[in-house]
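Summary of structural features
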Amino acid sequence: LLGNVDIPTAVWGELPSVWIGALPMHFIPLGTGSVRLSCRNPTVTLTVCDLVTGKAILQQKAQAKDGWLQFHVPQELVLTEWRISD
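Because the structure is predicted, anything quoted here is derived from the model rather than measured. (Residues numbered from 1 in each chain as written. Predicted model: local features only at pLDDT ≥ 70, side-chain atom pairs only at ≥ 80, totals over all residues. Heavy atoms only, no water.)

1. Some details on the overall build of the chain
Counting its regular elements, the chain contains zero helices and eight strands. Ordering the α and β elements of the chain from the N terminus gives β-β-β-β-β-β-β-β. A burial count over the chain gives 40% of its 86 residues as buried. Put simply, 58% of the contacts in the chain that link residues at least 6 apart link residues at least 24 apart. Of the roughly 5100 Å² of accessible surface on the chain, a fraction of 54% belongs to carbon and sulfur atoms. (Helix = DSSP H or I, 4+ residues; strand = E, 2+ residues; numbered from the N terminus. Buried < 20%, exposed > 50% of the residue type's maximum accessible area, 1.4 Å probe, protein only. Contact = heavy atoms within 4.5 Å. Areas by Shrake-Rupley, 256 points an atom, 1.4 Å probe, with all protein chains shown as cover.)

Shown next as structure tokens:
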């Protein structure tokens, strides 16, 4: 299992390692709810960007617990790009 979401979500990685769990990862939530993704790194940087302009709306550190990152997507961050990096 590489991810567990209760909302429609587009998830992808970047070359050379296009594998969920390897950084960097990106996802676009299409609704409100929870997103849980496998992650090999214990601490990551989460950046939420406007889908049209690419400008950062939010940036914070996040901790993976037992190899999983878990996020709650509020209404105001639906249809934004969530970038997960080192």
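2. Points about the pairing of strand β6 (residues 56–63)
Taken together, the seven bridges between strand β5 (residues 43–50) and β6 define a ladder with antiparallel strand orientation. The residue bridging leucine 46 from the neighbouring strand is glutamine 60, located in β6. Where β5 hands over to β6, the hairpin turn is made up of five residues, of which glycine 54 adopts a positive phi near 80°. (Pairing = 2+ DSSP bridges.)

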